[in-house]
Amino acid sequence: MDRLLTTLLFSSFLLLSLFSTSSYAQQNCSAFSFRNNQNFATCKPLPQLNSFLHWSYHPDNHTVDLAYRHGGVSNTDWVAWGLNIDGSKMVGTQCLVALRNSSGQIHAYTAPISTYQTQLAQGALSFNVPRIEAEFSNAEFIIFATLALPRGRTNFNQAWQNGGVSGQILQPHGLSGDNVRSFGSVDFASGQLGSDGGSSVTSRQRRRNVHGVLNAVSWGVLMPMGAVFARYLKVFKSANPAWFYLHVACQTSAYAVGVAGWGTGLKLGSDSPGIKFTTHRNIGITLFCLGTLQVFALLLRPKPDHKYRLYWNIYHHAIGYAVISLSIVNVFEGFDALNGQKNWKRAYIGIIIALGAIAVLLEAFTWFIVIKRKKSDSNKYPQNGTNGVNAYANGTHQQA
């Protein structure tokens, strides 16, 4: 009964919080008063980046007067909002941009985007913009504009962004979190916002999650587990050769799953040419190469009594520990790229702590066994006998 009551209270609190948040956003939109006393027929809070879109659509001449508000920024930032007439992503967006110029004045201008490496250079848009101006106050940019919409439609894909300015050079916007989810659609006639672009973001986010899970399980969990089996189980005579098969099974499974994760990463990169996680990508390529070398090294593994076995062991251990170290680092790089999957990050930290604790305990236990075994062998085969004569009956040293 108490559990049911707790669940109901928690659910009610969650629904109330969501309703309050939504109501506050809508109130902040519709009740906002502009300093120039402009009024707009429609106002919608945009789902990301603390932004709002106000507009009035004029069907007689197919124009729209609008105000785009972007809060939570400083006057050393830039903000942009635009329509993508023929696409749904960044490239092709016809932007309205606002920033503080070198004279200290708030400046608004138009900028078409034709490449992901854009610096939002000023230029004419594919449709006419008879009026554009901007202002800044209370950590919020506001862009006012009149757009002559393309004929025959009122529904368009939209995108909005913000970034920093350094020496009058516009810096790239963020490449994770809300900055890669800030687009959708708007219908100026019906007053509705849509998620045409948002659905593709959800799909891409799903692929990113799959990529993260595959690589976290393979490189980040199975690889360390395989190393634990190899290092600590082989000290037990009863575990031979089971430790070897467990080690090989973990490492080959990790490599197979890791290759699948690597493939999804390549696909994500090709589908998102403007989004780059350079460190994560470079470490991933390095891991794939080193993992492939380890697999081929297994095929070239010399027999235990071979003269080159020592060198193979040094190579195998060095590359193996390097792969494990880089894997753990890259998993955390991946969590930073996912931006928001804090529960997954905490779960992985818990797994790593557990594996580390097990490794420490096994390290101490195996050293205890090794030292005890050496003492036992020493007592069984002492090096020196009584009166300087060794303890072997024939007076000669024999190997155990």
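Reading the values: the criteria
Residues numbered from 1 in each chain as written. Predicted model: local features only at pLDDT ≥ 70, side-chain atom pairs only at ≥ 80, totals over all residues. Heavy atoms only, no water. Helix = DSSP H or I, 4+ residues; strand = E, 2+ residues; numbered from the N terminus. Buried < 20%, exposed > 50% of the residue type's maximum accessible area, 1.4 Å probe, protein only. Contact = heavy atoms within 4.5 Å. Areas by Shrake-Rupley, 256 points an atom, 1.4 Å probe, with all protein chains shown as cover. Salt bridge = Lys/Arg side-chain N within 4 Å of Asp/Glu carboxyl O. Pairing = 2+ DSSP bridges. Axes fitted to C-alpha atoms, helices over the stretch in contact; angles between N-to-C directions. Core = buried A, V, L, I, M, F, W, Y, C linked by side-chain atoms within 4.5 Å. pLDDT = per-residue confidence, 0-100. Phe/Tyr/Trp six-rings, centres within 6.5 Å; stacked < 30°, edge-to-face > 60°. Lys NZ or Arg CZ within 6 Å of the ring centre and 35° of its normal.

1. A few points about the overall build of the protein chain
Here comes step 1: Counting secondary structure elements, the protein chain contains 6 helices and 12 strands.
Here comes step 2: Evaluated residue by residue, the protein chain yields a buried proportion of 37% over its 400 residues.
Here comes step 3: Looking at the protein chain alone, contacts between residues at least 24 apart form 58% of all its contacts between residues at least 6 apart.
Here comes step 4: Within the structure as shown, the protein chain displays about 22,800 Å² of accessible surface, and the carbon and sulfur contribution to it stands at 60%.

2. Here we look at the pattern of salt bridges
Side-chain pairs of opposite charge can arise where the charged atoms are in close proximity.
Here comes step 1: One pass over the full model with this rule turns up 4 salt bridges.
Here comes step 2: Among the salt bridges present, the one from Glu135 reaches Arg35, with a minimum N-O distance of 3.6 Å. Of the two residues, Glu135 is situated in strand E7 (residues 131-137) and Arg35 in the loop between helix H1 (2-30) and strand E1 (42-45); the sequence distance between them amounts to 100 residues.
Here comes step 3: Judged by relative accessible area, Glu135 falls into the buried class, the value being 16%.
Here comes step 4: With a closest N to O distance of 3.2 Å, Glu140 and Arg69 form a salt bridge. One end of the pair, Glu140, is in strand E8 (residues 140-148); the other, Arg69, is in strand E3 (residues 63-71), and 71 residues separate them in sequence. Each member of the pair Glu140 and Arg69 is classed as buried.

3. Notes on the sheet that holds E1
Here comes step 1: Pairing in this open sheet of 5 strands is antiparallel, and the strands run E1-E2-E3-E8-E7 from one edge to the other. Strand pairing shows two members of the sheet lacking a second neighbour, E1 and E7, which therefore form its edges. The mean angle between the axes of side-by-side strands here comes to 15°, regardless of whether they run parallel or antiparallel.
Here comes step 2: Note: strand E2 (residues 51-58) against E3, 8 bridges, orientation antiparallel. In the strand pairing of E3, Ser56 is matched with Asp65.

4. Remarks on the nonpolar core
Where a protein is soluble and globular, its nonpolar side chains tend to be buried together.
Here comes step 1: With 28 residues, the main nonpolar core has Leu53, Leu66, Trp81, Leu83, Leu96, Leu147 and Phe188 as its most contacted residues.
Here comes step 2: When residues of this core are traced back to their parent elements, those giving at least two are E2, E3, strand E4 (77-84), strand E5 (93-100), E8 and strand E9 (155-166).
Here comes step 3: Those residues in contact with Leu147, other than ones at most four positions away along the chain, are His62, Thr63, Val64, Leu66, Trp81, Leu83, Leu96, Phe127, Asn128, Val129 and Pro130.

5. Comments concerning the confidence of the model for the protein chain
Here comes step 1: Model confidence for the protein chain is summarised by a mean pLDDT of 81, while 82% of its residues fall at 70 or above.
Here comes step 2: Residue range residues 196-201 is modelled with pLDDT below 50. Its contacts to residues more than four positions away, or to other chains, number 13 contacts.
Here comes step 3: Between residues 385-400, whose pLDDT stays under 50, and residues either more than four places distant or in other chains, the model counts 16 contacts.

6. Focus: the packing of aromatic side chains
Here comes step 1: Under the criterion given, the structure shown has 14 aromatic pairs.
Here comes step 2: Ring geometry for Phe156 against Phe188: centres 6.3 Å apart, planes inclined by 45°, an arrangement best described as tilted. You can see Phe156 sitting in strand E9 and its partner Phe188 sitting in the loop between strand E11 (183-187) and strand E12 (192-194), a full 32 residues away along the chain.
Here comes step 3: One aromatic cluster in this structure is built from Phe32, Phe34, Phe40 and Phe144.
Here comes step 4: For Arg69, the ring lying beneath its charged end belongs to Phe32, and the centroid distance is 3.7 Å.
Here comes step 5: Lying across the ring of Phe52, Arg69 places its NZ or CZ 4.4 Å from the centre.

7. With respect to unusual backbone geometry
Here comes step 1: Unusually for a residue other than glycine, His62 sits at a positive phi of about 55°.
Here comes step 2: With respect to the secondary-structure elements, His62 resides in the loop between E2 and E3.
Here comes step 3: By relative accessible area, which is 6% here, His62 ends up buried.
Here comes step 4: For Gln168, which is not a glycine, the phi torsion comes out positive at approximately 65°.
Here comes step 5: Following the sequence through the fold, Gln168 ends up in the loop between E9 and strand E10 (169-170).

8. Some remarks on the pairing of E11
Here comes step 1: Across the 5 residues that make up E11, a large majority, 5, are buried.
Here comes step 2: Of the two faces of E11, both are covered, the one formed by Phe183, Ser185 and Asp187 as well as the one formed by Gly184 and Val186.
Here comes step 3: With 5 bridges connecting them, E9 and E11 associate as antiparallel partners. Note on E11: the bridge partner recorded for Ala159 is Phe183.
Here comes step 4: Summarising the sheet, E11 and E12 pair through 3 bridges and their orientation is antiparallel. Residue pairing for E12: Val186 is matched across the bridge by Leu193.
Here comes step 5: If you look at the hairpin formed by E11 and E12, you'll find 4 residues sitting between the two strands, and Gly191 has a positive phi there, around 80°.

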